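# Structural overview for review
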Amino acid sequence: MAPAWLAMLIATQPEGFETLGYSLIEFLGFFLVFAAVLGRLWCTLYIGGRKDLDLCQSGPYSLTRNPLYFFSFLGLIGVCLAAQNIVLMIISAVVFLVYYRPVIWNEEKRLLSLFGPDYLLYMARVPRFFPRLDLPESEDTVVVHSPAFVRSLTEVMWFLVAIVGIEVLEELRQGAVIPGWQLPL
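One structure accompanies this document, and this report is about it.

### Structural notes on the overall build of the protein chain
Across its full length, the protein chain carries 5 helices and 2 strands. When its helices and strands are written in sequence order, the protein chain yields α-β-α-α-α-α-β. Its C-alpha atoms give the protein chain principal-axis dimensions of about 60 × 30 × 30 Å. Out of the 185 residues in the protein chain, the part that is buried amounts to 41%. A separation threshold of at least 6 residues defines the contact pool for the protein chain, and within that pool the share at least 24 residues apart is 83%.

### Digging into a nonpolar patch on the surface
Taken together, the side chains of Met1, Ile91 and Val95 make up a nonpolar region of the molecular surface, amounting to roughly 300 Å² of accessible area. You can see isoleucine 91 is positioned in helix α4 (residues 86-125).

### Structural notes on the packing of aromatic side chains
The tally for this structure, following the rule as stated, stands at 12 aromatic pairs. Ring geometry for tyrosine 99 versus tyrosine 100: centroids 5.0 Å apart, planes at 85°, classification edge-to-face. Here the aromatic rings of tyrosine 119 and tyrosine 122 are separated by 5.8 Å at their centres, their planes lie at 50°, and the arrangement is tilted. Here tyrosine 119 pairs with tyrosine 122, and both are found in helix α4, just 3 residues apart, close to one helical turn.

### Details of the environment of glutamate 170
In this structure, glutamate 170 sits in helix α5 (residues 146-174). Residue glutamate 170 is classed as buried on the basis of its relative accessible area of 8%. Sequence-wise, glutamate 170 and methionine 89 are 81 residues apart; in three dimensions their C-alpha atoms are separated by 17 Å.

Rules used in this analysis
- Residues numbered from 1 in each chain as written.
- Predicted model: local features only at pLDDT ≥ 70, side-chain atom pairs only at ≥ 80, totals over all residues.
- Heavy atoms only, no water.
- Helix = DSSP H or I, 4+ residues; strand = E, 2+ residues; numbered from the N terminus.
- Buried < 20%, exposed > 50% of the residue type's maximum accessible area, 1.4 Å probe, protein only.
- Contact = heavy atoms within 4.5 Å.
- Patch = residues over 30% accessible without salt bridge, like charges linked within 9 Å, V, L, I, M, F, W, Y side chains within 5 Å.
- Areas by Shrake-Rupley, 256 points an atom, 1.4 Å probe, with all protein chains shown as cover.
- Salt bridge = Lys/Arg side-chain N within 4 Å of Asp/Glu carboxyl O.
- Phe/Tyr/Trp six-rings, centres within 6.5 Å; stacked < 30°, edge-to-face > 60°.

Put into structure tokens, the structure is as follows:
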């Protein structure tokens, strides 16, 4: 699916591309991408290297049971908005949520078998995907698993590379090197 998504991102642009409204949408997209990068790194600080050993319930895991997926979702939406492509954002959001729903359910079954009643209490207290708007519960000290954090850095790098790619694409469109089909949104 990634090649089709990338082709749509490159080949289409919204009608009114480069207006003030779309520039604000682009800025919101960049903000969401940076929030996704910071959020995924924050998650790794809490769970990196101990995923199936401990039931992590602090930091971002005190706000949502699936913060890594949530921040990836924000990053995907952010990349689409940064490209000023609302149609692709809607399609991407739907595909992401449909695809990850059974993934999350299967993970919940696995975690329930690992952590039993503690996980049931956690499920009752913390939302599945969209975070509650509250201050996160935190620990005084968090031990960071270096290999997991470095791996996470390489994973979030792709969100940042996408921003550069979007800016290059924008310059190519403005120079009429890549025409792009006009979308109604």
